[in-house]
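# Secondary and tertiary structure notes
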Amino acid sequence: MTHPMPESCPCGSTLPLVACCQPFHQGQAVPETPEALMRSRYTAFALNERDYLLATWHITTRPATLPPDPTTQWQSLVIVSAPQPSRDEGHVHFKATFRESGRWHVLEEASRFVWEEQRWWYVDGKPTVIRLKPGRNDACPCGSGRKFKVCCQL
């Protein structure tokens, strides 16, 4: 199951989806940097594009299958750091906010990428998941800029 296509790209670039990550998902282009691949993979998670996720995962660490995840709602992506990659390896440190079963979380990961066959591949990462407990008057984790109590509070 794929999610409805949003107008703006979920990766946080401020570009329209059709001018940002969608060409990668449709095989019309290949991400030129580890950060671009990370952003396109985040967008694929947000849109439940499992085929793209598997297609960009390095063969040495790729799972056999990746079941759909209709309960996770990805809300925002923040790239903490994406240093200039070497010729054959790159790293991206990111934080991704998501909502699952009415609870808010942040996935933080330092991801590793390799350059092979004229493209970047996701290899692995060191993830941690932290549960958020926003207060009524805190900023909403969805990124709207509004207070939690008037936005996404259950």
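This one's a predicted model, so the numbers in the text were calculated from it and none came from an experiment. (Residues numbered from 1 in each chain as written. Predicted model: local features only at pLDDT ≥ 70, side-chain atom pairs only at ≥ 80, totals over all residues. Heavy atoms only, no water.)

For the coordinates displayed, the defined rule picks out 6 aromatic pairs. Their ring planes at 80° and their centres at 6.0 Å tell us that Tyr42 and Trp74 sit as a pair that is edge-to-face. In this pair, Tyr42 sits in helix α2 (residues 34-47) while Trp74 sits in strand β1 (residues 72-81), placing the two residues 32 residues apart along the sequence. Comparing Tyr42 with Trp74, the two get one shared label, buried. Between Trp57 and Tyr122, the ring centres sit 5.4 Å apart and the planes meet at 75°, which makes this aromatic pair edge-to-face. Of the two residues, Trp57 is situated in the loop between α3 (50-55) and β1 and Tyr122 in strand β4 (residues 119-132); the sequence distance between them amounts to 65 residues. On the accessibility criterion, Tyr122 (9% relative accessible area) is buried. (Phe/Tyr/Trp six-rings, centres within 6.5 Å; stacked < 30°, edge-to-face > 60°. Helix = DSSP H or I, 4+ residues; strand = E, 2+ residues; numbered from the N terminus. Buried < 20%, exposed > 50% of the residue type's maximum accessible area, 1.4 Å probe, protein only.)

If you trace the backbone, Thr43 turns up in helix α2. Residues within four places of Thr43 in sequence aside, it is in contact with Cys9, Pro10, Cys11, Leu17, Cys21 and His25. (Contact = heavy atoms within 4.5 Å.)

What follows deals with unusual backbone geometry. Most of the time, phi is negative for any residue but glycine, and the peptide bond is trans. Of note, Ser101 is a non-glycine position whose phi angle comes to about 55°, a positive value. Residue position: Ser101 is located in the loop between β2 (89-100) and β3 (103-116). The phi angle at Glu117 is positive, at roughly 55°, despite the residue not being glycine. With respect to the helices, strands and loops of the structure, Glu117 is situated in the loop between β3 and β4. Residue classification places Glu117 among the exposed positions, given a relative accessible area of 67%.

Attention now moves to the pairing of β2. Bridge count for β1 against β2 is 8 bridges, and the pairing is antiparallel. The residue of β2 that forms the bridge with Ser76 is Thr97. In this structure, β2 lies alongside β3, joined through 12 bridges in antiparallel fashion. Along β3, the bridge assignment pairs Gly90 with Phe113. (Pairing = 2+ DSSP bridges.)

This brings us to the pattern of salt bridges. Counted by the stated rule, this structure contains 3 salt bridges. Across the salt bridge formed by Glu35 and Arg39, the nearest N and O atoms sit 3.1 Å from each other. Of this pair, Glu35 and Arg39 both sit in helix α2, 4 residues apart, which is roughly one turn of the helix. With a relative accessible area of 27%, Glu35 lands in the partly exposed category. Here Arg112 and Glu89 are joined by a salt bridge, their closest N and O atoms 3.8 Å apart. A residue pair is termed long-range when its members are at least 10 positions apart, and Arg112 in strand β3 and Glu89 in strand β2 qualify at 23 residues. With a relative accessible area of 29%, Glu89 lands in the partly exposed category. (Salt bridge = Lys/Arg side-chain N within 4 Å of Asp/Glu carboxyl O.)

When you line up the elements, Ser81 lands in strand β1. For Ser81, the contacting residues outside a window of four places in its chain are His91, Val92 and His93.

Interpretation in functional terms is not warranted from these geometric data alone.
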